[in-house]
Amino acid sequence: MEAILSFDQVLEAADQLPLTDQETLVDILRHRIIGERREALARDIRAAEREFKAGVVDYFVQEYRRGRTPHPCIACNDKLKFASLLRHALAWDAESVATGHYARITHDGGQYRLLKARDARKDQSYVLYNMGQEQLRHVLFPLGDLQKEEVRRIAADLGLPVADKPDSQEIC
């Protein structure tokens, strides 16, 4: 915010400069703001890596040591994707976060509802069971209405390398 306010103040002063100096000053400030945002994003990424290790990897190892079967996807969704990632995205002024989960959301009568995916073979709504209203309000599941074959065809049409990627087997 500080950079943006500084930018606005400098732009007001820049009106007094010749056009070429204005353009140079604006470019310098634009690069400064981009650099500051990159640094903030890099900090967020490093924090997310630490959160992933603590909330998912360490949990996974601890559960096995206790003789229990861990479910890292539920831990990741609960502690990272729909908590930390969503919080960071909203702080960066995003309105929502889209994920590749096969699930759907409806909004009916002031309530958000989590629904199974149209492709029953790929449905992942069961790993999203603990999402609250605020999370559902800010999440998009664009794959939820598609069959897996459609997703692969779209990816191939777009030339994306993931078009032929094998399906995930639950562990990142």
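Above: the structure in question.
Numbering of residues starts from 1 in every chain and runs along the sequence as written. Local features in this predicted model are restricted to residues whose pLDDT is 70 or higher, and side-chain atom pairs enter the listing and the counts only when it is 80 or higher, whereas totals over whole chains, interfaces and linings include all residues. Hydrogens and water molecules were not included; the side-chain quantities draw on all heavy atoms of the structure.

**Student:** For this particular structure, what's the right way to read helix 5 (residues 148-157)?
**Tutor:** Side chains three or four residues apart in an α-helix point the same way, a direct result of the helix having 3.6 residues per turn. Of all the positions in helix 5, only Lys-148, Val-151 and Ala-155 are classed as buried. The buried side chains of helix 5 occupy one side of the element, clustering within an arc of 60° when seen end-on. The helix and strand labels rest on DSSP assignments: H or I over at least four residues marks a helix, E over at least two residues marks a strand, and numbering proceeds from the N terminus. Two residues or fewer past helix 5, Gly-159 is found with a positive phi of approximately 75°. Throughout, exposure labels follow a simple rule: accessible area from a 1.4 Å probe, protein chains only, divided by the maximum for the residue type, with under 20% read as buried, over 50% as exposed, and the rest as partly exposed. Each direction from the helix axis to a C-beta atom contributes to the arc, which is the arc of those directions.

**Student:** Help me understand the nonpolar core, please; the structure alone is not making it clear to me.
**Tutor:** Soluble globular proteins tend to pack their nonpolar side chains together in the buried interior. Grouping buried Ala, Val, Leu, Ile, Met, Phe, Trp, Tyr and Cys residues that are joined through side-chain atoms within 4.5 Å yields what is termed a nonpolar core. Counting nine residues, the largest nonpolar core consists of Ile-74, Phe-82, Ala-103, Val-127, Leu-128, Met-131, Leu-136, Val-139 and Phe-141. Residue contacts are counted whenever heavy atoms from the two residues lie within 4.5 Å of one another. Those residues in contact with Ile-74 that sit more than four places away from it in its chain are Val-127, Tyr-129 and Asn-130.

**Student:** Sorry, what's going on with the pattern of salt bridges here?
**Tutor:** Between side chains of opposite charge, a pair can form when the charged atoms approach closely. For this document, the term salt bridge refers to a Lys or Arg side-chain nitrogen within 4 Å of an Asp or Glu carboxyl oxygen. For the structure on display, the rule yields 13 salt bridges. Where Glu-63 meets Arg-66, a salt bridge forms, and the shortest distance between an N and an O atom there is 3.1 Å. The exposed category is assigned to Arg-66, whose relative accessible area is 52%. The salt bridge involving Asp-145 is made with Arg-104; its shortest N-O contact spans 3.9 Å. You can see Asp-145 sitting in the loop between strand 4 (139-140) and helix 5 and its partner Arg-104 sitting in strand 2 (residues 103-108), a full 41 residues away along the chain.

Don't take any of this as a statement about function, it's just geometry.
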